[in-house]
Amino acid sequence: MESARIVIIGAGAAGIAAATRLLQSGFENVLLLEAENRFGGRVHSIPFADNVVDLGAQWCHGEKGNVIYELVKDLDMVQPTSTFYDDYKCVRSNKEILSNAATDVLKSVASNLTMSHQPGLKDFEGSLGTYYTEVFWRNLPQTQAFDKTVACEFFDNYKKMLSSMDGADHLFEVSARGQLEYWECEGDQQLNWKGKGFRSLLRLLMQARKDDVADLGILDDRIRYNSRVQNIAWREVNGDIRIRLWNGELIEADHVICTVSLGVLKETHQQMFTPALPPAKCRPIDGLKLGTVDKFFMEFEEPFEQSDWPGFCFLWRDEDLLELRNSVNFWLEGVIGFFRVTCQPRLLQGWIIGSHARHMETLTQSEILNALQWLFEKFLTFEMPKPVKFLRTQWFSNPNFRGSYSFRSMYTEELRTGSADLAKPLTDERSGKPLLQFAGEATHTNYYSTVHGAVESGWREAKRLTDYYLGEVVANLEIG
Ligand SMILES: Cc1cc2nc3c(=O)[nH]c(=O)nc-3n(C[C@H](O)[C@H](O)[C@H](O)COP(=O)(O)OP(=O)(O)OC[C@H]3O[C@@H](n4cnc5c(N)ncnc54)[C@H](O)[C@@H]3O)c2cc1C
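A quick note: this is a predicted structure, and the numbers were derived from the prediction, not measured.

K.L.:
Would you mind going over the packing of helix α7 (residues 262–272) against helix α8 (residues 279–287) in detail, with residue names and values included?
P.N.:
The interhelical angle for the contact between α7 and α8, taken along N-to-C directions, is 120°, at an axis separation of 9 Å. It follows from the interaxial angle that α7 and α8 lie oblique. Read as a crossing pair, α7 and α8 show a hand that is left-handed. Between α7 and α8, the contacting residues are Leu 262, Leu 265, Lys 266 and His 269 on the first element and Cys 282, Pro 284, Ile 285 and Asp 286 on the second. Residue classes in the contact of α7 with α8 are distributed as five nonpolar, one polar and two charged.

Put into structure tokens, the structure is as follows:
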């Protein structure tokens, strides 16, 4: 264990969890290779406005069974988020604001769609979109004088919101049955990091000093930034696995734990691994999917004017949507809404998903701002001030991510594959020695798409190596 050379590709949540657990278990030769110039991956907290913002993961989802919550619950690091995402206003493209009474009924029917309320998912062969559509219209109260057009507009927006939770471009590509694989940890789903950002969790894992932002704790000198891996020759040659970086440098290892995102695997696996990955490993890479979820951050000079508004969502009337689709601003259809942010009184955070998000990523900041300004003018009865600072994310365009988080697609079902196949290590056939291991959110069977899933996957692969070496020790003792 002291001499085994372990190289971890990626210093996101999974890589950091694996590395810290290995070091704590007695391994000494642990190196993280990270393509970006920072650690954290899809956990990326940066200073912005009055505090920090999280460009990626933002909330600790749930308490019971959530390893992150278990780690931080007694350390005063997380707190509940206000009801921004429950009490938001619904505004139509003719500036009409839906009454609270109508919105409450629609939201209550919609929130009952989530899986804990839906045992019928188990036997449903189709997509989550088809399933939810049937259930939504079945459950909408018939007695109330409901404007079906408005209900339709609301549901269109709500489907986008659900897609953003699943990390899918739209719900019609998500497997309904596959959804049951995801376990929601009981408790608050939106615990925020008290203005310190999700990054504080990773710093806790590293045992970094709180008063020194540059300190990497037990990972000091073990992370190499700007080190993009190009190829891993994972079958040992003279006892070595060979890792080649993009600058041509070669690094030798006994074990590799690969934590790159599903998006990176999809794009690069054919060049990244020599020999090529076996079909059993390509299947989950092809079948599982990850869509694009992006954020906008707008900092205003003063606190958001409509201070009793927790946020607002855009409900498109058919005729306005048709017009929008024929304009250069067509991508605004993917914008879900804007919401307030805890510990950030002068900030609004917007969300955009799917192919529209990917198009947005190609535009300049001023093109985006102009379009958003147009959107506000179209929907809102009040004038939105010009932001003093603006930021948008580009999770798809960045070659080190190529998307946001994974889900069970319909094609995953077709291929009869899933995370368990992605998580299986490639081992030496004779000795059973793990050569190439896989960690990362997409490899978690039940907590995929989350940071707690990524952390557990890193620990899982660290344990695999500990078990392997302890097994070797026992075998040697028995021979002795
Ligand atoms: C917008 C957004 C919002 C989210 N919100 C939440 C949330 O609220 N709560 C939650 O729990 N989760 C959320 N998530 C999901 C969560 O961020 C991820 O599940 C988790 O951070 C993934 O960690 P990981 O270690 O598996 O992968 P990553 O964080 O992607 O780490 C992989 C690392 O590998 C590096 N890498 C890639 N290719 C190479 C290469 N060739 N060589 C070297 N290094 C490479 C990358 O730069 C990256 O640092 C969100 C994600 C996004 C994008």
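Still more ground to cover, so stick around.
K.L.:
Provide a residue-level description of the sheet that holds strand β22 (residues 434–438), including the pertinent values.
P.N.:
Strand order in the open sheet made by the six strands is β8-β2-β1-β12-β22-β21, with mixed pairing throughout. Since the sheet does not close on itself, it has two edges, and those belong to β8 (223–224) and β21 (426–427), each with one partner. Direction of pairing for strand β1 (residues 5–9) relative to strand β2 (residues 29–33): parallel, over a ladder of five bridges. Paired with Val 7 across the bridge in β2 is Leu 31. Running at roughly 170° to β2, helix α1 (residues 13–24) makes contact with β1, β2 and β12 (255–258) of the sheet. Here helix α14 (residues 451–479) sits on the sheet in contact with β1, β12 and β22, set at roughly 165° to β22.

K.L.:
Go over the nonpolar core with me, naming the residues and quoting the values.
P.N.:
Ranked by internal contacts, the top residues of the largest apolar core, which has 46 residues, are Ile 8, Leu 22, Trp 193, Leu 201, Val 451 and Val 455. For this core, the secondary structure elements donating two or more residues are β1, α1, β2, α2 (67–72), α6 (199–206) and α14. The two domains that each donate at least three residues to this core are domain 1 (5–42 + 196–289 + 406–479) and domain 2 (45–83 + 291–392). For Leu 22, the contacting residues outside a window of four places in its chain are Ile 6, Ile 8, Phe 27, Val 30, Ile 257, Ala 462 and Leu 465.

K.L.:
Explain a nonpolar patch on the surface to me, and be specific about the residues and the numbers.
P.N.:
Together, Leu 71, Leu 75 and Leu 204 line one region of the surface with nonpolar side chains, adding up to about 210 Å² of accessible area. As for its placement among the helices and strands, Leu 71 is situated in helix α2.

K.L.:
Give a description of the packing of aromatic side chains that names residues and reports values.
P.N.:
All chains considered together, the criterion is met by 31 aromatic pairs. Taken together, a centroid distance of 5.1 Å and an interplanar angle of 70° make the contact between Phe 338 and Phe 376 edge-to-face. Of this pair, Phe 338 sits in strand β17 (residues 335–341) while Phe 376 is found in helix α11 (residues 365–379), placing the two residues 38 residues apart along the sequence. Judged by its relative accessible area of 0%, Phe 338 falls in the buried class. Here the aromatic cluster, defined as three or more aromatic residues joined through ring pairs, consists of Phe 296, Phe 304, Trp 309, Phe 312, Phe 314, Trp 316, Phe 338, Phe 376, Phe 379, Phe 382 and Phe 390. Above the ring of Phe 396, the side-chain terminus of Arg 358 is found at 5.4 Å from the ring centroid. Sitting above the plane of the Tyr 448 ring, Arg 408 keeps its charged end 3.6 Å from the centroid.

K.L.:
Quick one: what's the story with the sheet that holds strand β19 (residues 389–392), residue by residue and with numbers?
P.N.:
Strand order in the open sheet formed by six strands is β6-β16-β17-β18-β15-β19, with mixed pairing between adjacent strands. Looking at strand neighbours, the two that pair on one side only are β6 (89–92) and β19, the edges of this open sheet. The sheet shows a mean angle of 20° between the axes of neighbouring strands, taken without regard to direction. Relative to strand β16 (residues 311–315), β6 runs parallel, the two sharing four bridges. From the neighbouring strand, Arg 92 faces β16, where its bridge partner is Leu 315. Packing against the sheet, helix α10 (residues 354–361) makes contact with β15 (293–299), β18 (344–353) and β19, and its axis sits at approximately 115° to β18.

K.L.:
Would you mind going over the site of the ligand in detail, with residue names and values included?
P.N.:
Of all residues adjacent to the ligand, which total 39 residues, the nearest are Glu 34, Arg 42, Trp 59, Glu 441 and Val 451. One of the backbone nitrogen or oxygen atoms of Ala 13 is found 3.2 Å away from an oxygen atom of the ligand. A distance of 3.1 Å separates an oxygen atom of the ligand from a polar backbone atom of Gln 58. About the coverage of the ligand: the protein hides 99% of its 1000 Å² of free accessible area. Of all the elements in the fold, those that place two or more residues in the shell around the ligand are α1, α7, β15 and α14.

K.L.:
Hey, could you go over the pattern of salt bridges for me, with residue numbers and the actual values?
P.N.:
The tally for this structure, following the rule as stated, stands at 30 salt bridges. We note a salt bridge from Asp 76 to Lys 194, for which the minimum N-O separation is 2.5 Å. Separated by 118 residues along the polypeptide, Asp 76 in the loop between α2 and β5 (79–80) and Lys 194 in the loop between β7 (191–192) and α6 bring together distant segments of the chain. Between Arg 224 and Glu 249 there is a salt bridge; the shortest N-O distance is 2.7 Å. Of this pair, Arg 224 sits in strand β8 while Glu 249 sits in the loop between β10 (240–245) and β11 (250–253), and the two are 25 residues apart along the sequence. For Glu 249, a relative accessible area of 30% corresponds to the partly exposed category. The network of salt bridges with shared partners includes Arg 317, Glu 319, Asp 320 and Lys 378.

Calculation rules
- Residues numbered from 1 in each chain as written.
- Predicted model: local features only at pLDDT ≥ 70, side-chain atom pairs only at ≥ 80, totals over all residues.
- Heavy atoms only, no water.
- Axes fitted to C-alpha atoms, helices over the stretch in contact; angles between N-to-C directions.
- Helix = DSSP H or I, 4+ residues; strand = E, 2+ residues; numbered from the N terminus.
- Parallel < 35°, antiparallel > 145°, perpendicular 65-115°, else oblique.
- Left-handed = near helix turned anticlockwise from the far one by under 90°.
- Contact = heavy atoms within 4.5 Å.
- Nonpolar A, V, L, I, M, F, W, Y, C, P; charged D, E, K, R; others polar.
- Pairing = 2+ DSSP bridges.
- Core = buried A, V, L, I, M, F, W, Y, C linked by side-chain atoms within 4.5 Å.
- Buried < 20%, exposed > 50% of the residue type's maximum accessible area, 1.4 Å probe, protein only.
- Domains from an automatic or database assignment.
- Patch = residues over 30% accessible without salt bridge, like charges linked within 9 Å, V, L, I, M, F, W, Y side chains within 5 Å.
- Areas by Shrake-Rupley, 256 points an atom, 1.4 Å probe, with all protein chains shown as cover.
- Salt bridge = Lys/Arg side-chain N within 4 Å of Asp/Glu carboxyl O.
- Phe/Tyr/Trp six-rings, centres within 6.5 Å; stacked < 30°, edge-to-face > 60°.
- Lys NZ or Arg CZ within 6 Å of the ring centre and 35° of its normal.
- Near = heavy atom within 4 Å.
- Polar contact = N/O pair within 3.5 Å; in protein donor to acceptor, adjacent residues only side chain to side chain.

All we've got here are geometric facts, nothing functional implied.
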